[in-house]
Structure formats: structure tokens, C-alpha cells
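Here is how the chains run, residue by residue.
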Amino acid sequence: MSEVWYNRLMVIRHRVTVAQYLALPEEPPYFEYLDGEVIEKAMPNRDQGVIAEELALHLGPYRRRVGGISGPELRVVFEDAGQTAYRLPDYAYWAPGKPQGGPAVMLPPTLAVEIRSPDEAVARLREKCRYYRAHGVAVAWLIDPVARRVEVFDGARDGLVVHGEASLESPSLPGFRLALADLFAVLDAPDS
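Sequence order as written defines residue numbering, which begins from 1 separately in each chain. Local features in this predicted model are restricted to residues of pLDDT 70 or higher, and side-chain atom pairs are both shown and tallied only at a pLDDT of 80 or more, whereas totals for entire chains, interfaces and linings draw on every residue. No hydrogens and no water enter the side-chain calculation; it runs on all heavy atoms of the structure.

Q: Give a description of the packing of aromatic side chains that names residues and reports values.
A: Only Phe, Tyr and Trp rings take part, Trp by its six-membered ring, and two of them pair if their centres are within 6.5 Å. Stacked means planes under 30 degrees apart, edge-to-face means over 60, and tilted covers everything else. Applying the stated criterion to the full structure yields 8 aromatic pairs. Ring centres 5.5 Å apart and planes at 80 degrees place the aromatic pair Phe 78 and Tyr 131 in the edge-to-face group. Remark: Tyr 131 occurs in helix H4 (residues 122-134) and Phe 78 occurs in strand S4 (residues 76-80); sequence separation between them is 53 residues. With a relative accessible area of 17%, Tyr 131 lands in the buried category. Grouping aromatic residues by their ring pairs yields a cluster made of Tyr 62, Tyr 93, Trp 141 and Phe 176. To sit over a ring, a charge needs its Lys NZ or Arg CZ within 6 Å of the ring centre and within 35 degrees of the ring normal. Its end group placed over the ring of Tyr 131, Arg 87 keeps NZ or CZ at 5.3 Å from the ring centre. Put simply, DSSP H or I for four residues or longer makes a helix, DSSP E for two residues or longer makes a strand, and each gets a number counted from the N terminus. Relative accessibility decides the category of a residue: with a 1.4 Å probe and only protein chains considered, values under 20% of the type maximum give buried, values over 50% give exposed, and everything between is partly exposed.

Q: Lay out the pattern of salt bridges with the relevant residues and their values.
A: Salt bridge, as used here, is a side-chain nitrogen of Lys or Arg placed within 4 Å of a carboxyl oxygen of Asp or Glu. Tallied over the entire structure, the rule returns 16 salt bridges. Among the salt bridges present, the one from Glu 26 reaches Arg 75, with a minimum N-O distance of 3.6 Å. In this pair, Glu 26 is assigned in the loop between helix H2 (18-22) and strand S1 (31-34) and Arg 75 in the loop between strand S3 (69-71) and S4, connecting sequence segments 49 residues apart. Taking relative accessible area as the criterion, Glu 26 reaches 60% and is therefore assigned exposed. Note that Lys 41 is salt-bridged to Asp 90, the shortest N-O span being 2.8 Å. Of the two residues, Lys 41 sits in the loop between strand S2 (37-40) and helix H3 (46-66) while Asp 90 sits in the loop between strand S5 (83-87) and strand S6 (91-94), which places them 49 residues apart along the sequence. Here the salt bridges do not stand alone but share partners, grouping Glu 32, Arg 87, Glu 114 and Lys 128 into one network.

Q: Let's hear about the layout of surface pockets: which residues, and what values?
A: The calculated volume of the largest pocket comes to roughly 250 Å³. Each cavity reported here is a set of points on a 1 Å grid over the protein atoms alone in which a 1.4 Å probe fits but cannot get out, each pocket an open set with protein on both sides within 12 Å along at least five of seven lines, and each lining residue one with an atom within 4 Å of a point. Lining the largest pocket are 16 residues, with Glu 26, Tyr 30, Glu 73, Arg 75 and Leu 88 positioned closest to its centre. Gly falls in the polar group here, along with every residue not listed as nonpolar (Ala, Val, Leu, Ile, Met, Phe, Trp, Tyr, Cys, Pro) or charged (Asp, Glu, Lys, Arg). Here the residues of the lining of the largest pocket are counted per class, giving 11 nonpolar, no polar and 5 charged. Grid points are joined across faces, edges and corners, and a volume is the space filled by probe spheres set on the points.

Q: So what's going on with empty space enclosed by the protein? Residues and values would help.
A: On inspection of all chains with the given rule, the structure shows 2 cavities of 30 Å³ or more. What the largest cavity holds in volume is close to 60 Å³. Along the walls of the largest cavity sit Lys 41, Ala 42, Gln 48, Asp 90, Glu 114, Ile 115, Glu 120, Arg 124 and Lys 128, which together make up its complete lining. Every element with two or more residues in the lining of the largest cavity is listed here: strand S7 (111-115) and H4. Grouping the constituent residues of the lining of the largest cavity by class yields 2 nonpolar, 1 polar and 6 charged. Of the pockets and cavities examined, the second largest cavity occupies roughly 40 Å³.

Q: Can you tell me about the pairing of strand S8 (residues 139-144), naming the residues and giving the values?
A: Where burial is concerned, most of S8 is hidden: 6 out of the 6 residues are buried. Residues Val 139, Trp 141 and Ile 143 point to one face of S8 and Ala 140, Leu 142 and Asp 144 to the other, with burial holding for every one of them. Two strands pair under a simple rule: DSSP has to find at least two bridges between them. Direction of pairing for S8 relative to strand S9 (residues 149-153): antiparallel, over a ladder of 5 bridges. When the bridges of S9 are listed, Asp 144 appears paired with Arg 149.

Interpretation note: all reported values are geometric properties and have no functional meaning in isolation.
What follows is the structure, encoded as C-alpha cells:
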């Protein structure tokens, strides 16, 4: 076992400081930091990867048209009442005018997306989406590729399930609309 892996395993078992967390190497597996503890992110599987890519293919033109920035697994800092947390949404978008932070650590985005892997508990991801909302994120989407549904968290909805003929859209992303059928169609595409 390499020393890096050994050190990472030790970190998982102990509470750490922000400085210790930020000193971890930025390589898989990736870690988040919450309440003084390091939390390992689930490794993405094929379905997560293709859904993230499909989302990027639709949000990219929107971002180029209206502005802002977006990207996968960007480190976001959340600060509240003296507590600091670092989360890595599977995908995030910052609308024009939304403070972004610096290149290494971003401020809370306009949109945060979590894409469920089969071994992740939906309840934990719902909690994460609610955390985002409570800490300045306008809208969070919890995408479940297996169930082919999305839970929406925003000012009016707390986990509203959308599926079938529904579309992803939000007042926080004016003019953006992505039909769930288009998002999930990539899961049925033959491997090339």
C-alpha cells in the first residue's frame, strides 16, 4: 500500500482540520469535508459519467449563450456560523453575476447537481441537496439514472420528483430546458 493511500485511510478514520483536508492530493478517490470529517465521494460509474456528460452538452450552449461558468466536481466552499465545509457537486453552474470565488475553490453555485450511483443512499443525497439549498444554492437536482427520475430542490420544491415527459428547468436558469427523455436517452445508446 502506498504512503498516500495509507495516509488517506488514516484521514478517513479521524477528524481533521481544514488545512489537513486541503493538503490531501487532488486525485481519485476524491473527498469532501463536512463538520470536521473527510467524506469519500462515490466513484462514478458508466451511467453517472454519461449523464454528467449529457448534462454538460446541454448546459454548455446555455452557458455560452447567457454567460456564467459550469463544470463537473468543482470544489465549493460553504461557510456558515464559523463552520467551513467543502463539497464537490457532480456538476455545477454559476449564473452571470453570481460570485464564483477563485480557481482552486469556488463559492456556492446557482445550480448544484448530484447524480446517484447504485450504491449511494438516496436519503444521503437528498440531505446533500438540502444542504446546498440552505447554504446559498438556488436550485439542486438529484438525478437517479437507475430510476430515470430527478428530484428538484428549489425555493418552491423540496425534493419534487419529476420523471417521464417532464423537463428540467428553473427560474434560476431562464431559457434552459432539458427534457428528461433526452437526458436519459444516452443510457440506451449502444456503446461505440
